[in-house]
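# Notes for the structure review
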Amino acid sequence: MRAARYHGRGDIRIEEVPAPELRPGTVAIDVAWCGICGTDLHEYLEGPIFIPPPGAPQPVSGESIPIVLGHEFSGTVRALGDGVDDLSVGERVVVEPYIIRDDVDTSPGRPYQLSPDMNFIGLGGRGGGLSEQIVVQRRWVHPVGDVPLDQAALIEPLAVGHHAYVRSGAGPGDVALVGGAGPIGLLLAALLTAEGLTVLITEVSAARKAKAAETEVAPHVLDPTEVDVAERVRLVTDGRGADVCFECTSVNAVLDTLIDAVRPGGVVVNVSIWGHPAQVDMQKLVLKEIDLRGTIAYAGDHPATIELVRSGKVDLAPFITARIPLEDLVAEGLDALVHHKDSQVKILVHP
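Residues numbered from 1 in each chain as written. Predicted model: local features only at pLDDT ≥ 70, side-chain atom pairs only at ≥ 80, totals over all residues. Heavy atoms only, no water.

### Points about the pattern of salt bridges
Side chains that carry opposite charge are capable of pairing whenever their charged atoms lie near each other. Using the criterion set out here, one finds 18 salt bridges in the structure. Here Arg2 makes a salt bridge to Glu132, at a shortest N to O gap of 3.5 Å. Of this pair, Arg2 sits in strand β1 (residues 2-8) while Glu132 sits in the loop between β8 (119-120) and β9 (133-137); the two residues are 130 residues apart in sequence, bridging distant segments of the chain. On the basis of relative accessible area, Glu132 is assigned to the partly exposed category, the value being 29%. For Lys209, the salt bridge is made with Glu226, and the minimal N-O distance between the two is 3.8 Å. In this pair, Lys209 sits in helix α5 (residues 206-215) while Glu226 sits in the loop between β13 (220-222) and α6 (229-236), placing the two residues 17 residues apart along the sequence. On the basis of relative accessibility, which here comes to 60%, the residue Glu226 falls in the exposed class. Three or more residues joined by partner-sharing salt bridges are found here, namely Arg2, Glu132 and Glu327. (Salt bridge = Lys/Arg side-chain N within 4 Å of Asp/Glu carboxyl O. Helix = DSSP H or I, 4+ residues; strand = E, 2+ residues; numbered from the N terminus. Buried < 20%, exposed > 50% of the residue type's maximum accessible area, 1.4 Å probe, protein only.)

As structure tokens, this is what we get:
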């Protein structure tokens, strides 16, 4: 089968690889759509980061470069391994793309995303969504019902937003400031709005500001080159500041803005992956008693996230800005996001 494999920084190739074998307790999936994630872009430009380099295989998968890419994907069940009797061939599904040791407890409420040696399918091995087929353990497969498969490919990044929301401790009626209107920021804002929060977004890109306004994910879209974002947030909140802020850019100036804009005793959640150390004004953190929290991926968030989409509370269709075949992954996908990121939110690949 065809697959996109990562051979090193700036080196991704479409190659013929052996089709995966069905094993007991696993599910074979024909991949329909796979999104290009910001993490994929970081690997392409700066990696390997999550991808295990030559000579240092991922401890659970045992794999290293070259690695099949893609962790935001949807598809249909092709075949069921022995012992899997609660899914049907042809059923629409998405994958929670974890690589975790078999003895890790993944039952509801368990923080399995923090288990030792955790990595992701499509980054740490075990195939990926940028291929024609994949075989995964049953516990990572989630039926999506009648959700269109192109939109279903966005459930994985939406689940990132759901986990960040849960980590924040915020709730309906709170005011949230989202730093950055990239794919994660926009999807997070859509989720927060669906959950009953008042949402503001800070963003400098004209195209991304327009997308935030077009999708109505936030009633207030603020450009820090035009307004003092923290002052505007205080104006909207009668002087209090935002109850919760979400950092979705890995840009230090944005983090600084969120620390200024959050209310005393408020929460700042870092969602983005940083490829470099950040600086934090600890004096502001102390004097305002700000709670700065990290968040990684998701843990038990997929069912609630899928229900938000199935119920119509979150419409994922407006966030898909391009659909391309696998052979155009580099030129029309990765390079397009590098050179024309302002005009793209989510590029989907059809393997």
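### Thoughts on the packing of helix α3 (residues 155-168) against helix α9 (residues 302-310)
Direction vectors running N to C along α3 and α9 enclose 110°, while the axes themselves pass 9 Å from each other. Classed by the angle they form, the pair α3 and α9 counts as roughly perpendicular. α9 is crossed by α3, and the crossing has right-handed handedness. Mapping the contact onto sequence places Ile155, Glu156, Leu158, Ala159 and His162 in α3 and His302, Ala304, Thr305, Ile306, Leu308 and Val309 in α9. Residue classes in the contact of α3 with α9 are distributed as 7 nonpolar, 3 polar and 1 charged. (Axes fitted to C-alpha atoms, helices over the stretch in contact; angles between N-to-C directions. Parallel < 35°, antiparallel > 145°, perpendicular 65-115°, else oblique. Left-handed = near helix turned anticlockwise from the far one by under 90°. Contact = heavy atoms within 4.5 Å. Nonpolar A, V, L, I, M, F, W, Y, C, P; charged D, E, K, R; others polar.)

From the geometry alone we can't say anything about function, so treat these as descriptive.
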